[in-house]
Amino acid sequence: MPPIPEAIRDEFTLLRARRVETQTNVMYIMLLATTPTAAWAGAADLHWGIRFGMPALLAVLCVLGLIENGISRRRHLSLRRAQLMVKKTASVSGWVGVMCSSWAVINWFASPPEAHAAFAMIIAMGALATAYCLSAIRFAAILNLVIGVVPISTLMLLSGRPTEIAAATSLVLATLILVRFILQGHAMLVDLLQLQHQTRDLAHTDPLTGLANRRALDERIEALLRKGDDAPGFKLALLDLDGFKPVNDRYGHAFGDKLLSGVADRLRECIGDGGLVARQGGDEFAVLIPPDSPLHGAPVADHLLIALVKPHMIEGIPVSVGASVGVAHWPADGADADALFDFADRALYQAKAETRTEPERRPERITA
């Protein structure tokens, strides 16, 4: 069984937990409905604690499970609680399977041959139905099939009676088909989550540079703002390249795209994993410095400009571009995202205006 890909592991755990919350109710109701008939069909010579006690214990566990599920569904499903729910369900279902399988095997030996088929049917249907309800938890579903089907099928195959051997063969084949169904469903679920993950990445990624796009930047800022007024501050920097248009006009758009990708790589490298670099469009970029970033206390504008000083080597041509940067601090320069962007934008154009007062430095081809 291949492991769950790291990128979707948390989402997969949450999805499994949600399915467990809904499907286990069906399992509990189904098992609860079978307990009276199972107790009635038990071998008459058995001790009452086995004949009636084990079905009664199963009924109590089912009622408690239904109550717990009802309470659980009213609570927020966090990742931690989802992980505990999956582990608990796998463990409890396994022990319940052991109890039910033991009951069936004990009754098999205590009953006449003509009653064997009844216990095989009871445990087989219980195991198959339980595995189907637990199909979201691959390990628990297959474990219940093994615990429930293997002992009773082995007894039937070794009985020497043709009808029981034929029934056991059909039961094993049905179990294998269900196992295949569980594994295929698991694989399809993983593929679906991976496709959703890739779709989200595409929706939040600039296709040219591989940087985050404006949508991803907005969502990250909103996440920081949701922490409340008492949360640590963060910085938003807007960066606009100086001298990019002449390069684009002289060498063509393909050359300009490579230059933008080179700028993106430098910005990503200088900011590191602690911040977020986004492309706003054209030759405009944005940088978000959260409170936990190592650069939070550093002069962001200087850090970005230094990263762009070295000429870019594009198709063997060294090209230099400068930049203008405007920085906004939350909450001092704006209480919400719009105010922060407005402040940073004004600071950016002020920086551009100051740059225009100096002689314009146009990029040119540098020869060795």
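Below or above, wherever it landed, is the structure these notes cover. Quick caveat, the model's predicted, so the values are computed rather than measured. (Residues numbered from 1 in each chain as written. Predicted model: local features only at pLDDT ≥ 70, side-chain atom pairs only at ≥ 80, totals over all residues. Heavy atoms only, no water.)

## Comments concerning the nonpolar core
Link 1 in the chain: Core analysis: the biggest nonpolar cluster contains 45 residues, and L58, L145 and I152 have the highest contact counts within it.
Link 2 in the chain: Per-element accounting of this core gives the leading share, eleven residues, to helix α3 (residues 79-110).
Link 3 in the chain: Ignoring anything within four residues of it in the chain, the contact list for L58 reads L31, T35, V96, M99 and C100. (Core = buried A, V, L, I, M, F, W, Y, C linked by side-chain atoms within 4.5 Å. Buried < 20%, exposed > 50% of the residue type's maximum accessible area, 1.4 Å probe, protein only. Helix = DSSP H or I, 4+ residues; strand = E, 2+ residues; numbered from the N terminus. Contact = heavy atoms within 4.5 Å.)

## Re unusual backbone geometry
Link 1 in the chain: Here W330 and P331 are connected by a cis peptide whose omega angle stands at 10°.
Link 2 in the chain: Within the fold, P331 resides in the loop between β6 (322-330) and α11 (337-356).
Link 3 in the chain: Even without being a glycine, E315 presents a positive backbone phi close to 55°.
Link 4 in the chain: For E315, the location among the structural elements is in the loop between β4 (312-314) and β5 (317-319).

## A closer look at the environment of L202
Link 1 in the chain: Relative to the assigned elements, L202 resides in helix α6 (residues 162-203).
Link 2 in the chain: Separated by ten residues in sequence, L202 and A212 place their C-alpha atoms 9.4 Å apart.

## Considering the pattern of salt bridges
Link 1 in the chain: All chains considered together, the criterion is met by eleven salt bridges.
Link 2 in the chain: Across the pair K258 and E315 runs a salt bridge, and its minimum N-O distance is 2.9 Å. Separated by 57 residues along the polypeptide, K258 in helix α9 (residues 253-271) and E315 in the loop between β4 and β5 bring together distant segments of the chain.
Link 3 in the chain: Given the relative accessible area of 43%, K258 is considered partly exposed. (Salt bridge = Lys/Arg side-chain N within 4 Å of Asp/Glu carboxyl O.)

## Points about the side chain of S324
Link 1 in the chain: Within the secondary structure, S324 sits in strand β6.
Link 2 in the chain: When its relative accessible area of 2% is taken as the criterion, S324 is described as buried.
Link 3 in the chain: Separated by 2.9 Å, the side chains of S324 and D242 make a polar contact. (Polar contact = N/O pair within 3.5 Å; in protein donor to acceptor, adjacent residues only side chain to side chain.)

## Looking at the packing of aromatic side chains
Link 1 in the chain: With the rule as written, the count across this model stands at four aromatic pairs.
Link 2 in the chain: Ring centres of W103 and F119 lie 5.8 Å apart, and the angle between their planes is 75°; on these two criteria the pair is classed as edge-to-face. Pair noted here: W103 is in helix α3 and F119 is in helix α4 (residues 116-133), with a separation of 16 residues, a long-range link.
Link 3 in the chain: The class for W103 is buried, based on a relative accessible area of 6%.
Link 4 in the chain: Between the aromatic rings of Y132 and F181, the centroid separation amounts to 6.2 Å while the plane-to-plane angle is 20°, which identifies the pairing as stacked. On the criterion of sequence distance, the pair formed by Y132 in helix α4 and F181 in helix α6 is long-range, its members being 49 residues apart.
Link 5 in the chain: Taking relative accessible area as the criterion, F181 reaches 43% and is therefore assigned partly exposed.
Link 6 in the chain: Here the basic side chain of R214 rests over the ring of F341, its NZ or CZ set 3.9 Å away from the ring centre. (Phe/Tyr/Trp six-rings, centres within 6.5 Å; stacked < 30°, edge-to-face > 60°. Lys NZ or Arg CZ within 6 Å of the ring centre and 35° of its normal.)

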